[in-house]
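Here are the chains, one letter per residue:
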Amino acid sequence: MPPSRVVTPGWHHGLMNIMLFHSTHGLRPAVRQAADRLRAAGHEVFTPDLFEGRTFESVEEGMAYQDEIGKDELLKRAVLAAAPYSERRLVYAGFSLGASLAQTLALGDDKARGLLLLHGTSDIAPNAQVDDLPVQLHMAEPDPFETEDWLNAWYLRMTRIGADVEVYRYAGAGHLYTDPGLPDYDEEAAEATWRVALGFLETLASA
C-alpha cells in the first residue's frame, strides 16, 4: 500500500450527497456529529439507521446483533436506504461495518461519485469494475480487525478493478478512533482524518 499522506484542505465549495453508514455500535451520537461536520462543510448527508434504533457500547454486543440480523438483511437495508438517492450521484461512506456496506454499494452503483471508508473494507465481488472511482481509506495502524496482508490484497484488487485509491494510516490509534464516546478514540488521529476527508470531498465537488 502507499505510505500515509496528509493534505491541508482549503475552502469547501460545492455540494456532495453523502450516504453515511454507522458501525456495529449502531447510530451513535458520533455518527450524527460526523454528519453535522460534513453538513457544515456544505454537503448533504443521509444517516440511515440499519439497526432500527439499537445501539451498543461493546463491539461484541454489536456483532452479536449484527449476526442476528444477518449479512443479507443488513445489505438489503443499506440498499433500500440508498436507492431513493442514487440519481444524485452519491458519495458512499461509513464507519467499520458501515464502511464495508458503503464499499459494496459504491462498487455496484455506476453513478457513485466517490467512496470514503473509515475503519473498514469489504470483500470485492469477482465481477466488480469501476471507472476511476475515487476511494479514500482511513485506518488505524495496526488495526485488530484488518490485517496487513488483507489490506495489501484489498488495495491491489481495488486498483485492478479501476478504483483510484488513497490510503491513510494512523499509528497507535484504536480501531474506531473517530468516535469520542469509545475507548478507541484518538483526538489527533480523528482530527487529521477529518481534515483529509474534507479535502477529498472538496476535490470531488470541484471535479
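Residues numbered from 1 in each chain as written. Predicted model: local features only at pLDDT ≥ 70, side-chain atom pairs only at ≥ 80, totals over all residues. Heavy atoms only, no water.

Draft legend 1. Region of interest: the layout of surface pockets. Here the largest pocket defines a volume of roughly 950 Å³. Around the largest pocket, the lining comprises 31 residues; the ones closest to its centre are Lys71, Leu97, Ser100, Thr121 and Ser122. When contributions to the lining of the largest pocket are tallied by element, the ones reaching two or more residues are helix H2 (59-69), helix H3 (71-82) and helix H4 (97-107). Top contributing element to the lining of the largest pocket by residue count: H4, with 6 residues. When the residues that make up the lining of the largest pocket are grouped by side-chain class, the tally is 12 nonpolar, 14 polar and 5 charged. Within the lining of the second largest pocket, the residues separate by chemical class into 8 nonpolar, 2 polar and 7 charged. (1 Å grid on protein atoms, 1.4 Å probe; cavity = no way out; pocket = protein on both sides within 12 Å on 5 of 7 lines; lining within 4 Å. Points joined across faces, edges and corners; volume = space filled by probe spheres on them. Helix = DSSP H or I, 4+ residues; strand = E, 2+ residues; numbered from the N terminus. Nonpolar A, V, L, I, M, F, W, Y, C, P; charged D, E, K, R; others polar.)

Draft legend 2. Representation of the pattern of salt bridges in the model. Using the criterion set out here, one finds 10 salt bridges in the structure. In this structure, Asp179 engages Arg28 in a salt bridge whose closest nitrogen and oxygen atoms are separated by 2.9 Å. Placement of the pair is Asp179 in the loop between strand E6 (164-171) and helix H6 (187-206) and Arg28 in the loop between strand E1 (17-21) and helix H1 (29-40), with a sequence separation of 151 residues. Since its relative accessible area comes to 6%, Asp179 is described here as buried. The partner of Glu87 in a salt bridge is Lys111, and the shortest N-O contact between them spans 3.6 Å. Pair noted here: Glu87 is in the loop between H3 and strand E3 (91-95) and Lys111 is in the loop between H4 and strand E4 (114-118), with a separation of 24 residues, a long-range link. (Salt bridge = Lys/Arg side-chain N within 4 Å of Asp/Glu carboxyl O. Buried < 20%, exposed > 50% of the residue type's maximum accessible area, 1.4 Å probe, protein only.)

Draft legend 3. Spotlight on the nonpolar core. Among the nonpolar cores identified, the biggest contains 38 residues, and Tyr92, Leu115, Val135, Trp154 and Met158 are the most heavily contacted of them. Top element by residues in this core is H4. It accounts for 7 residues. Not counting chain neighbours up to four residues away, the residues in contact with Tyr92 comprise Met19, Phe21, Ala82, Ala102, Leu105, Ala106, Asp109, Ala112, Gly114, Leu115 and Leu116. Residues Leu176, Trp194, Leu201 and Leu204 belong to the second largest nonpolar core, which totals 24 residues. (Core = buried A, V, L, I, M, F, W, Y, C linked by side-chain atoms within 4.5 Å. Contact = heavy atoms within 4.5 Å.)

Draft legend 4. Geometry of the sheet that holds E6. Here 6 strands make up an open sheet; going across it, the order is E2-E1-E3-E4-E5-E6 and the pairing parallel. With one partner strand each, in any of the chains shown, strand E2 (44-46) and E6 form the two edges of the open sheet. The mean inter-strand angle of the sheet, taken between neighbouring strand axes irrespective of direction, is 15°. Pairing of E1 with E2 involves 3 bridges; the strand directions are parallel. Across the sheet, the residue bridging to Ile18 is Val45, located in E2. Contacts between helix H5 (residues 148-160) and the sheet are confined to E4, strand E5 (134-141) and E6, with E6 contributing the most and set at about 160° to the helix. Each of E1, E3, E4, E5 and E6 is contacted by H6, which is oriented at about 175° to E5, the strand it contacts most. (Pairing = 2+ DSSP bridges. Axes fitted to C-alpha atoms, helices over the stretch in contact; angles between N-to-C directions.)

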